[in-house]
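Spelled out from the first residue to the last, the chains are:
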Amino acid sequence: QVQLVESGGGLVQDGGSLKLSCAASGRTFSNYAMGWFRQAPGKEREFVAAINWSGSNTDYADSVKGRFTISRDNAKSTVYLQMNSLKPEDTAVYYCAAGIPRGPFRYNLGPYNYWGQGTQVTVSS
């Protein structure tokens, strides 16, 4: 089992920045690819960003490329999402997820085995 706890969400103005953190506990953090997803009210959950075990490879949704940066610190068992130039359409609950990168795994699709409880990000216009 892996437990994931997100933090860092909040209210920010259009154009502002936030940095989300996701702390993992349980099994060896570096065994897992990590992803960030988000879900806005009335919409399906969507992929935001993902990172491989070492941090050498990343993937982003087109809507956040150039504005968001995913990173990880395996010594701290934590993955981060730095969000810059935030827009009102970025408003959502953000979830981190952990997945085992083998077989049919795809960074933007998963399957991700473990999920956090989510943290709210609200961008005001």
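Residues numbered from 1 in each chain as written. Predicted model: local features only at pLDDT ≥ 70, side-chain atom pairs only at ≥ 80, totals over all residues. Heavy atoms only, no water.

Colleague: Break down the sheet that holds strand β1 (residues 2–7) for me, citing the residues and quoting the values.
Modeller: Pairing in this open sheet of four strands is antiparallel, and the strands run β1-β3-β8-β7 from one edge to the other. A strand with exactly one partner marks an edge of an open sheet, and here the two such strands are β1 and β7 (68–73). If you compare each strand with its neighbour and ignore which way they point, the axes differ by 15° on average. When β1 meets strand β3 (residues 18–26), the two strands line up antiparallel, connected through six bridges. Looking at the pairing, glutamine 3 lines up with serine 25 of β3. (Pairing = 2+ DSSP bridges. Helix = DSSP H or I, 4+ residues; strand = E, 2+ residues; numbered from the N terminus. Axes fitted to C-alpha atoms, helices over the stretch in contact; angles between N-to-C directions.)

Colleague: So what's going on with the pattern of salt bridges? Residues and values would help.
Modeller: This model, assessed by the stated rule, comprises four salt bridges. A salt bridge links glutamate 46 to arginine 38, with the nearest nitrogen and oxygen atoms 2.6 Å apart. For aspartate 62, the salt bridge is made with lysine 65, and the minimal N-O distance between the two is 3.2 Å. For aspartate 62, a relative accessible area of 64% gives the class exposed. One network of salt bridges, with partners in common, ties together Arg38, Glu46, Arg67 and Asp90. (Salt bridge = Lys/Arg side-chain N within 4 Å of Asp/Glu carboxyl O. Buried < 20%, exposed > 50% of the residue type's maximum accessible area, 1.4 Å probe, protein only.)

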